[in-house]
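Structural overview for review
Here are the chains, one letter per residue:
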Amino acid sequence: MVGAVVSGAGRVLLVRRKPGDSLGGLWELPSGKVEEGEGLLEALYRGTAEEIGLAVRQVGDSGDDFDHAVTVERAGPVVLTEHDAHRR
């Protein structure tokens, strides 16, 4: 798994799991599974585009192996495919 910390103006983007999903209603960072043969950064770029419709421009330093601070090409619009709401 890999997660994207998308921030700007002192706020962080969170997405909410759909009610019928495992842990439905939980707010979390955009994240996704690393596919077979894929590196962490490849998964981060792909997952961010697939889950929230934003393209990663740059990956910053990471505090751990899971969450990575990212800069995106544009601030929005956020297009959700795996979640039912987002908040900054």
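Residues numbered from 1 in each chain as written. Predicted model: local features only at pLDDT ≥ 70, side-chain atom pairs only at ≥ 80, totals over all residues. Heavy atoms only, no water.

In a beta sheet, neighbouring strands pair by backbone hydrogen bonds and run either parallel or antiparallel. With antiparallel pairing, the three strands of this open sheet are ordered in space as β4-β3-β8. On the outer flanks of this sheet lie β4 (27-28) and β8 (83-87), each paired with one strand and no other. Where strand β3 (residues 14-17) meets β8, four bridges bridge the pair, whose relative direction is antiparallel. The residue of β8 that forms the bridge with Arg 17 is His 83. (Pairing = 2+ DSSP bridges. Helix = DSSP H or I, 4+ residues; strand = E, 2+ residues; numbered from the N terminus.)

Right, let's talk about the nonpolar core for a bit. Buried together is how nonpolar side chains tend to be arranged in soluble globular proteins. Membership of the largest hydrophobic core comes to 13 residues, with the highest contact counts inside it found for Val 6, Ile 52 and Val 70. Among the secondary structure elements, those contributing two or more residues to this core are β1 (2-8), α1 (40-52) and β7 (67-72). Filtering out sequence-adjacent residues up to four positions away, Val 6 remains in contact with Arg 11, Val 12, Leu 13, Ile 52, Val 70 and Val 72. (Core = buried A, V, L, I, M, F, W, Y, C linked by side-chain atoms within 4.5 Å. Buried < 20%, exposed > 50% of the residue type's maximum accessible area, 1.4 Å probe, protein only. Contact = heavy atoms within 4.5 Å.)

Our focus in this paragraph is the pattern of salt bridges. Overall, the coordinates contain five salt bridges when judged by the stated rule. Across the pair Glu 28 and Arg 17 runs a salt bridge, and its minimum N-O distance is 3.2 Å. Note that Glu 28 is positioned in strand β4 and Arg 17 in strand β3, a separation of 11 residues in sequence. Across the salt bridge formed by Glu 50 and Arg 46, the nearest N and O atoms sit 3.0 Å from each other. Of this pair, Glu 50 and Arg 46 are both found in helix α1, four residues apart, which corresponds to roughly one turn of the helix. Take Arg 46: its relative accessible area is 23%, and that puts it in the partly exposed class. Salt bridges sharing common partners tie together Glu 35, Glu 38, Arg 46 and Glu 50. (Salt bridge = Lys/Arg side-chain N within 4 Å of Asp/Glu carboxyl O.)

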